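The primary structure of each chain is shown beneath.
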Amino acid sequence: MAKKHMGLKAKNRLTNGFIYLVLIIISCIWLIPFVCLVLESLRCECTYQVGYLIPKQWGFDNYVKLFTTTETVKFIKWYTNTLVVAAVTSVLQTLFVLCMAYALSRLRFNGRKFLMNFMLILGMFPGMLTMIILYNVLKGLGWTQSNAVPGYILVYVASSGMGYYVSKGFFDTIPKSLDEAARVDGANRLQILFKVILPLSKPIVIYTMLTAFMGPWADFVFASYISFNSTEGMNVAVGLNNLIATSSGITKNYTTFCAGGVCVAIPVTVLFLFLQKYYVEGVTGGAVKG
């Protein structure tokens, strides 16, 4: 028995070692583009693409250029636009998603199943199908080009309630007896949600806010369509892309573009590093059948 136990223990160690080795290899492959981006942003001997990776001259010249030169000074405006849109969208979208998820988790009403199935099917259609009509609606409101920021927020938030799936699954794991006890004490549904359920749902709240923040922060296609070459209305992804949209732009601004990419990656990286625990708990906690 002792030999069998030792053999099983050795087998488990070998299996775990192999799994860790595979994960390390995958992590290294995943990190290669980010390492290259950082190295390119610190290269000072030239501003165009080269055939080597390690810079010959190191420095922060590209970061200084990003915030000071005439051609790239709009980066602060692009960054501000993106930050405002992402922050406002994150708050509003989280509020709508959690309210929808709570209603579908706790309430029973006619048409509930149909509504859930309808939103599920509707969410399968790509958003690009509505881009033309959305542009015309936003144009009629005056929320395109230089005034595109309110347009971004409206579109990102408008249908956010349909993303209730993970949050509803998490709420389903919270005992309904808590709701009943709160109702006995005189609390209404809104008070139950904000004073009873949400304090117990920190992982799913953070998960929802992070995913809501990431959408506008990384968006390029819709943002370029709505801003329509207006520098004042661009987000950071569209603005940086315009720096290298031409061959001359790649020659003059490639390393500056890399510096901008690093600046864009920093907030998201910091958020995930500090909130990783809650993010994972939110995903796993909401991955149940509701």
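Presented here is a report on the structure given in the accompanying data block. The structure displayed is predicted, hence computed values, not measured ones.

Attention now goes to the layout of surface pockets. Quantified by volume, the largest pocket comes out at close to 990 Å³. Forming the boundary of the largest pocket are 34 residues, of which Gln93, Val155, Tyr156, Ser159 and Ser160 lie nearest the centre. Of all the secondary structure elements, the ones that give two or more residues to the lining of the largest pocket are helix H3 (75-106), helix H5 (131-141), helix H6 (148-158), helix H7 (165-172), helix H10 (202-218) and helix H11 (221-227). Ranked by the residues each element gives to the lining of the largest pocket, the list is headed by H10, at six residues. In the lining of the largest pocket, the residues fall into 22 nonpolar, 11 polar and one charged. In this structure, the second largest pocket encloses a volume near 620 Å³. Forming the walls of the second largest pocket are 19 residues, and the residues nearest its centre are Trp30, Phe34, Ala265, Val268 and Thr269. Among the elements of the structure, helix H1 (2-41), H10 and helix H13 (247-286) are those that each provide at least two residues to the lining of the second largest pocket.

In this section: H6. In terms of burial, H6 is largely enclosed, as eight of its 11 residues are buried. Residues Ala148, Val149, Gly151, Tyr152, Ile153, Val155, Tyr156 and Val157 constitute the buried set of H6. In this fold, the buried residues of H6 make contact with H3, H5, H10 and H11.

Examined against the element boundaries, Ser90 turns out to sit in helix H3. Residue class for Ser90 comes out buried when judged on its relative accessible area of 5%. Beyond its immediate chain neighbours, meaning those up to four positions away, Ser90 contacts Met209, Ala212 and Phe213.

In the contact formed by H3 and H10, the axes pass within 8 Å of each other and the chain directions differ by 140°. In terms of their interaxial angle, H3 and H10 are classed as oblique. Of the two elements, H3 crosses H10, and the hand of that crossing is right-handed. Of the residues contributing to the contact of H3 with H10, the split by class is 15 nonpolar, six polar and no charged.

Any space left empty among the atoms is revealed by the rolling of a water-sized probe across them. Counted under the stated rule, the structure contains one cavity of 30 Å³ or more. Taken as a whole, the largest cavity holds about 30 Å³ of empty space. In terms of lining residues, the largest cavity is bounded by Asn81, Thr82, Val85, Tyr152, Tyr156, Pro216, Ala223 and Asn235. Contributing elements (two or more residues each) for the lining of the largest cavity: H3 and H6. When grouped by side-chain class, the residues that make up the lining of the largest cavity number five nonpolar, three polar and no charged.

Within the secondary structure, Val166 sits in helix H7. The spacing of Val166 and Leu83 is 83 residues in sequence and 25 Å in space, taken between C-alpha atoms.

Quick look at the side chain of Asn62 now. Following the sequence through the fold, Asn62 ends up in helix H2 (residues 61-68). On the basis of relative accessibility, which here comes to 5%, the residue Asn62 falls in the buried class. A polar contact of 2.8 Å, which involves the side chain of Asn62, links it to the side chain of Thr255.

There is a patch of nonpolar side chains on the surface, built from Val84, Val88, Val91, Leu92, Leu95, Phe96, Leu190, Phe194 and Met209 and spanning about 700 Å² of accessible area. At the level of secondary structure, the elements contributing two or more residues to the nonpolar patch comprise H3 and helix H9 (189-197). Per element, the largest residue contribution to the nonpolar patch is six residues, and it comes from H3. Phe96 gets classed as partly exposed once you look at its relative accessible area, which sits at 37%.

A few words now on the pattern of salt bridges. For the structure shown, the criterion picks out four salt bridges. The closest approach of N and O atoms between Glu232 and Lys74, which form a salt bridge, is 2.6 Å. Here Glu232, found in the loop between H11 and helix H12 (236-243), pairs with Lys74, found in the loop between H2 and H3; they are 158 residues apart in sequence, far enough to count as distant.

What counts, and at which threshold
Residues numbered from 1 in each chain as written. Predicted model: local features only at pLDDT ≥ 70, side-chain atom pairs only at ≥ 80, totals over all residues. Heavy atoms only, no water. 1 Å grid on protein atoms, 1.4 Å probe; cavity = no way out; pocket = protein on both sides within 12 Å on 5 of 7 lines; lining within 4 Å. Points joined across faces, edges and corners; volume = space filled by probe spheres on them. Helix = DSSP H or I, 4+ residues; strand = E, 2+ residues; numbered from the N terminus. Nonpolar A, V, L, I, M, F, W, Y, C, P; charged D, E, K, R; others polar. Buried < 20%, exposed > 50% of the residue type's maximum accessible area, 1.4 Å probe, protein only. Contact = heavy atoms within 4.5 Å. Axes fitted to C-alpha atoms, helices over the stretch in contact; angles between N-to-C directions. Parallel < 35°, antiparallel > 145°, perpendicular 65-115°, else oblique. Left-handed = near helix turned anticlockwise from the far one by under 90°. Polar contact = N/O pair within 3.5 Å; in protein donor to acceptor, adjacent residues only side chain to side chain. Patch = residues over 30% accessible without salt bridge, like charges linked within 9 Å, V, L, I, M, F, W, Y side chains within 5 Å. Areas by Shrake-Rupley, 256 points an atom, 1.4 Å probe, with all protein chains shown as cover. Salt bridge = Lys/Arg side-chain N within 4 Å of Asp/Glu carboxyl O.

So yeah, pure geometry; function would need other evidence.
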